[in-house]
Amino acid sequence: MSFADVLIVGGGHGGAQAALALRQRGFEGRIVIATREGYQPYERPPLSKDYLAGARPLEKMYIRPESFWSDRKVEIRTRTPVVAIAPQLRSAELSDGSRIDYHSLIWAAGGDPRRLPCSGADLNGVHSIRTLGDVDRIRAQLDGGVKRVAVIGGGYIGLEAAAVFRSLGLPVTVIERLDRVLSRVTGEALSGFYEAEHRRQGVDLLLGHEVDALLGDEDGQVRAVSLADGGEIEADLVIVGIGIVPAVGPLLAAGAAGTNGVDVDELCRTSLDDTYAIGDCAAHANPYADNAVIRLESVQNATDMANTVAKHITGEREPYNTIPWFWSNQYDLRLQTVGFSTEDDEVVVRGDPDSRSFSIVYLREGRVAALDCVNMTRDYAQGRRLIEARSEPDRDALADPEVALKSLL
Ligand code: FAD
């Protein structure tokens, strides 16, 4: 049995930042990170980008070098997920049977890839992209020779992976159940742009197609994706990118409130005493989404929630109120998103999408609510200020790429 002043569950972006921010703020108590994976904290975004492409080595994946954590006396217990917590005793049980008592608990366990609800999901050659281990397995299969890739799910991770596989010269089919890609995160204009781009790059993009089953050969290796309409797509490597399920089982079992993840207040506190939750698994009322209760899956959200908690534990009460931002790299396109858009927003396109450098501005009740900027970092930086200032710019000026956004403040 041991005692941690702060026990952090999960050593991903949120967990690492929580430890880092606590030490930066002078917190001297014992900090333990218990995490399921076998690695020091590493960056997840490159998993579907340059790490998948083989263009970034493992040592460049770590958030900080190993010595950073030991120098700051942050203990990292790898391969030991927390399996249960007893909130009244303030005690956590780890998978190896050991227990850690704590004063404060920060739950930063992220989420697990949603499984394909059909037969064949366990065949060899079927992968998700969430961990270093996932991508190492994909790369090992690529090294052994792959003929055809199918990507199930047209979200950011699926599309980024499709772009990488095309850059490696592989035939790729993307299968999306809905009638457009990226439907969960952006509007029709940007979806249409990325659909055209992937087709131009040679991706066979199937929209409005449901997967019925994955078919394998006698050795248990996937060989095709069978569609509900009877079609069959040959593939010996299948990526399933259909979202995550928040990893909150032990926390909810201990009585924390939550349905889609775990509910937190503006200080990232759960309904259990001295128990916080941050990052992908934390459902919160977001001021930039008109206080709708949402989970955000982004590095920004995990990092800024970690900072909110570190402040609270060290005696500063500053509610989580950071503007959401996100990025995605596909081919030579760098998308930067800031703010939070909804389907009902008015849309203004700035610049010509054919130039591969343009922005889409989303207005809610006349105010700038969000921007999607493709190869347009200047709009991203200046647009953020329009959102923060709750600006109501003139539509014609907004649509004119010659007019700098900062002049509309
Ligand atoms: P994670 O970073 O997922 O860390 C959670 C950790 O907790 C994991 O290591 C997990 O194994 C561990 N864990 C789970 N259960 C337990 C348990 N019971 N006990 C102990 N440990 C546990 N965001 C962007 O902003 N831009 C991008 O371009 C981008 N690209 C992405 C690409 C990919 C392939 C993926 C997977 C994500 C991407 N994201 C991106 C999202 C971003 O990485 C996540 O939002 C962020 O990692 C969330 O941080 P987190 O701390 O909540 O969870």
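Calculation rules
- Residues numbered from 1 in each chain as written.
- Predicted model: local features only at pLDDT ≥ 70, side-chain atom pairs only at ≥ 80, totals over all residues.
- Heavy atoms only, no water.
- Helix = DSSP H or I, 4+ residues; strand = E, 2+ residues; numbered from the N terminus.
- Rg over C-alpha atoms; globule rule 2.2 N^0.38 Å.
- Buried < 20%, exposed > 50% of the residue type's maximum accessible area, 1.4 Å probe, protein only.
- Contact = heavy atoms within 4.5 Å.
- Areas by Shrake-Rupley, 256 points an atom, 1.4 Å probe, with all protein chains shown as cover.
- Lys, Arg positive; Asp, Glu negative; His and termini not counted.
- Charge placed at Lys NZ, Arg CZ, Asp CG, Glu CD.
- Axes fitted to C-alpha atoms, helices over the stretch in contact; angles between N-to-C directions.
- Left-handed = near helix turned anticlockwise from the far one by under 90°.
- Nonpolar A, V, L, I, M, F, W, Y, C, P; charged D, E, K, R; others polar.
- Phe/Tyr/Trp six-rings, centres within 6.5 Å; stacked < 30°, edge-to-face > 60°.
- Lys NZ or Arg CZ within 6 Å of the ring centre and 35° of its normal.
- 1 Å grid on protein atoms, 1.4 Å probe; cavity = no way out; pocket = protein on both sides within 12 Å on 5 of 7 lines; lining within 4 Å.
- Points joined across faces, edges and corners; volume = space filled by probe spheres on them.
- Pairing = 2+ DSSP bridges.
- Core = buried A, V, L, I, M, F, W, Y, C linked by side-chain atoms within 4.5 Å.
- Expected span 1.5 Å × (residues − 1).
- Salt bridge = Lys/Arg side-chain N within 4 Å of Asp/Glu carboxyl O.

**Student:** Would you mind going over the overall build of the chain with me for this structure?
**Tutor:** Each helix and strand in the chain was counted, giving nine helices and 25 strands. Its C-alpha atoms give the chain a radius of gyration of 22 Å, within 12% of the compact-globule value 22 Å for 409 residues. Expressed along its principal axes, the backbone C-alpha trace of the chain runs to roughly 65 × 60 × 35 Å. Expressed as a percentage of the 409 residues in the chain, the buried residues total 53%. For the chain, the proportion of contacts with a sequence separation of at least 24, taken over those separated by at least 6, is 60%. Accessible area of the chain: about 17,700 Å², with a carbon and sulfur share of 46%. When the 44 positive and 60 negative side-chain charges of the chain are each reduced to one mean point, those points stand 5 Å apart.

**Student:** Which parts of the structure should I look at to understand the packing of helix H1 (residues 13-24) against helix H7 (residues 299-313)?
**Tutor:** Two numbers describe a pair of packed helices, the interaxial angle and the distance between the axes. Contact geometry of H1 with H7 gives a least axis separation of 8 Å together with a crossing angle of 35°. Of the two possible hands of crossing, H1 and H7 adopt the one that is right-handed. Along the contact surface, H1 presents His-13, Gly-14, Gln-17, Ala-18, Ala-21 and Leu-22, while H7 presents Val-299, Ala-302, Thr-303, Ala-306, Asn-307, Ala-310 and Ile-313. Its residues assigned to classes, the contact of H1 with H7 comprises eight nonpolar, five polar and no charged.

**Student:** Please clarify how the packing of aromatic side chains should be interpreted in this entry.
**Tutor:** Aromatic rings considered in pairs are described by the distance between their centres and by the relative angle of their planes. Inspection of the entire model under this criterion finds six aromatic pairs. On the numbers, 5.1 Å between centres and 85° between planes, the contact of Phe-68 with Trp-69 is edge-to-face. Between Phe-193 and Tyr-194, the aromatic rings sit 5.3 Å apart at their centres with planes inclined by 85°, giving edge-to-face as the arrangement. You'll find Phe-193 and Tyr-194 in the same group, each marked buried. Taken together, the aromatic side chains of Phe-193, Tyr-194 and Phe-358 make up a single cluster linked through ring pairs. Residue placement shows Arg-72 over the ring face of Phe-68; its charged tip is 3.8 Å from the ring centre.

**Student:** In this structure, what is going on with the layout of surface pockets? I would like to understand it.
**Tutor:** Here the idea is plain: a probe the size of a water molecule rolls over the atoms and shows the empty space left. Of the volumes computed, that of the second largest pocket is approximately 310 Å³. Along its surface, the second largest pocket is lined by Pro-287, Tyr-288, Asp-290, Asn-321, Arg-364, Glu-365, Arg-367, Val-368, Ala-369, Ile-387, Glu-388 and Arg-390. Counting residues per element, the lining of the second largest pocket draws most heavily on strand S25 (residues 367-374), at three residues. Classifying every residue of the lining of the second largest pocket by side-chain character gives five nonpolar, one polar and six charged.

**Student:** Help me understand unusual backbone geometry, please; the structure alone is not making it clear to me.
**Tutor:** In most cases, non-glycine residues show a negative phi, while peptide bonds are predominantly trans. A positive phi angle, near 65°, is found at Cys-268, a position not held by glycine. Mapped onto the secondary structure, Cys-268 falls in the loop between strand S17 (262-263) and strand S18 (275-277). Phi is positive for Arg-390, close to 55°, though the residue is something other than glycine. Residue placement: Arg-390 occurs in the loop between helix H8 (377-388) and helix H9 (395-399).

**Student:** In this structure, what is going on with empty space enclosed by the protein? I would like to understand it.
**Tutor:** A full pass over the atoms with the stated rule returns one cavity of 30 Å³ or more. Contributing to the lining of the largest cavity are Gly-11, Thr-35, Glu-37, Tyr-39, Gln-40, Pro-41, Tyr-42 and Arg-44. Tallied by class, the residues present in the lining of the largest cavity amount to three nonpolar, three polar and two charged.

**Student:** Help me understand the sheet that holds strand S15 (residues 237-240), please; the structure alone is not making it clear to me.
**Tutor:** The pairing of strands in a sheet comes from backbone hydrogen bonds and takes either a parallel or an antiparallel form. Spatially, S8-S15-S9-S10-S11 is the arrangement adopted by the five strands of the open sheet, whose pairing is parallel. Single-partner strands in this sheet number two, and they are strand S8 (126-127) and strand S11 (204-207). Sheet topology note: the strand S10 (residues 172-176)/S11 ladder contains four bridges and is parallel. Bridging from a neighbouring strand, Val-174 pairs with Leu-205 of S11.

**Student:** Explain the sheet that holds strand S12 (residues 211-216) to me, please; I cannot follow it from the model alone.
**Tutor:** Spatial strand order, S12-S13-S14: three strands in an open sheet with antiparallel pairing. The sheet is open, and its two borders are formed by S12 and strand S14 (232-234), each paired with just one other strand. Ignoring strand direction, the axes of neighbouring strands in this sheet form an average angle of 25°.

**Student:** Please clarify how the nonpolar core should be interpreted in this entry.
**Tutor:** Within soluble globular proteins, side chains that are nonpolar tend to cluster in buried spots. Leu-7, Ile-85, Ile-106, Trp-107 and Ile-278 are the most contacted members of the largest nonpolar core, which totals 50 residues. By residue number, the principal contributor to this core is H1, which donates six residues. When neighbours within four sequence positions are excluded, Trp-107 is seen to be in contact with Val-9, Val-82, Ala-247, Val-248, Pro-250, Leu-251, Tyr-276, Ala-277, Ile-278 and Cys-281. Core analysis: the next-biggest nonpolar cluster, separate from the first, contains 38 residues, Leu-52, Leu-142, Leu-335 and Phe-358 among them.

**Student:** Explain helix H3 (residues 132-143) to me, please; I cannot follow it from the model alone.
**Tutor:** In an α-helix there are 3.6 residues to a turn, and that puts residues three or four apart on one side. With twelve residues, H3 ought to run about 16 Å at 1.5 Å a step, and its terminal C-alpha atoms sit 16 Å apart, in line with that. For H3, the full list of buried residues reads Leu-132, Gly-133, Asp-134, Val-135, Ile-138, Gln-141 and Leu-142. The elements touched by buried residues of H3 are S8, helix H4 (156-167) and S15. Looking one or two residues past H3, Gly-145 carries a phi angle of roughly 100°, positive in sign.

**Student:** Is there a simple way to explain H4 in this structure?
**Tutor:** With twelve residues, H4 should reach 16 Å at 1.5 Å per residue; the first-to-last C-alpha distance of 17 Å fits that figure. All of the buried residues in H4 are Tyr-156, Gly-158, Leu-159, Glu-160, Ala-161, Ala-162, Ala-163, Val-164 and Phe-165. Directly beyond the C-terminal end of H4, a positive phi value near 85° is found at Gly-169.

**Student:** What is the right way to look at the pattern of salt bridges in this model?
**Tutor:** Pairs can form between side chains of opposite charge once their charged atoms are near each other. Across all of its chains, the model carries 27 salt bridges by this definition. Residues Glu-232 and Arg-223 are paired through a salt bridge, measuring 3.6 Å at the closest nitrogen-oxygen approach. Taken together, the shared-partner salt bridges in this structure form one network comprising Glu-197, Arg-200, Asp-332 and Arg-356.

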